[in-house]
Amino acid sequence: MNNYINKNIQCPNCHHSIDMVIDQSQSNKKVYDDCPSCHRAIEFNMKINPYTQSVSLSINNDEDGLF
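Remember, it's a predicted structure, so these values are computed and weren't measured experimentally.

Description of the environment of Met46
Turning to step 1, where the next piece is worked out: As for its placement among the helices and strands, Met46 is situated in strand 4 (residues 41-49).
Turning to step 2, where the next piece is worked out: The class of Met46 is buried, set by a relative accessible area of 10%.
Turning to step 3, where the next piece is worked out: Considered as a pair, Met46 and Ile22 are 24 residues apart in the sequence and their alpha carbons are 8.9 Å apart.
Turning to step 4, where the next piece is worked out: Leaving out residues up to four positions away in the same chain, Met46 has contacts with Ile22, Asn28, Lys29, Val31, Ser56 and Leu57.

Written out as structure tokens, the structure reads:
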């Protein structure tokens, strides 16, 4: 069974298109990464429903609380 899905998001800062591969077998998590184009921090909130195998991905660019 393939537990990986592809998601395409846009950077909330520069609108660069970013391809992500998400493992649906993982639990909900919050991940921080930098945009490969503008290098600003992005907060990814992943909510994974194991019963429906659906992924909800929200992004945030609020850097005030990161450091």
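From this point, the discussion proceeds with the structure in view.
Notes on the nonpolar core
Turning to step 1, where the next piece is worked out: Ranked by size, the top nonpolar core spans seven residues in total: Ile9, Cys11, Ile18, Met20, Cys35, Ile42 and Phe44.
Turning to step 2, where the next piece is worked out: Elements that contribute at least two residues to this core include exactly strand 2 (17-23) and strand 4.
Turning to step 3, where the next piece is worked out: Sequence-distant contacts of Cys11, defined by excluding residues within four places in its chain, comprise His16, Ile18, Cys35, Cys38 and Ile42.

A word on the state of the cysteines
Turning to step 1, where the next piece is worked out: Inspection of the entire model under this criterion finds zero disulfides.
Turning to step 2, where the next piece is worked out: Here Cys35 stays free of any disulfide, with the sulfur of Cys11 as its closest cysteine sulfur at 3.8 Å.
Turning to step 3, where the next piece is worked out: Of all cysteine sulfurs in the structure, the one in Cys11 sits closest to Cys38, which takes part in no disulfide; the separation is 3.8 Å.
Turning to step 4, where the next piece is worked out: A residue is classified by how much of its surface remains accessible, and Cys38, at 25% relative accessible area, is partly exposed.

Procedures and definitions
Residues numbered from 1 in each chain as written. Predicted model: local features only at pLDDT ≥ 70, side-chain atom pairs only at ≥ 80, totals over all residues. Heavy atoms only, no water. Helix = DSSP H or I, 4+ residues; strand = E, 2+ residues; numbered from the N terminus. Buried < 20%, exposed > 50% of the residue type's maximum accessible area, 1.4 Å probe, protein only. Contact = heavy atoms within 4.5 Å. Core = buried A, V, L, I, M, F, W, Y, C linked by side-chain atoms within 4.5 Å. Disulfide = S-S within 2.5 Å.

Everything listed here is a matter of coordinates, which is why it stays silent on function.
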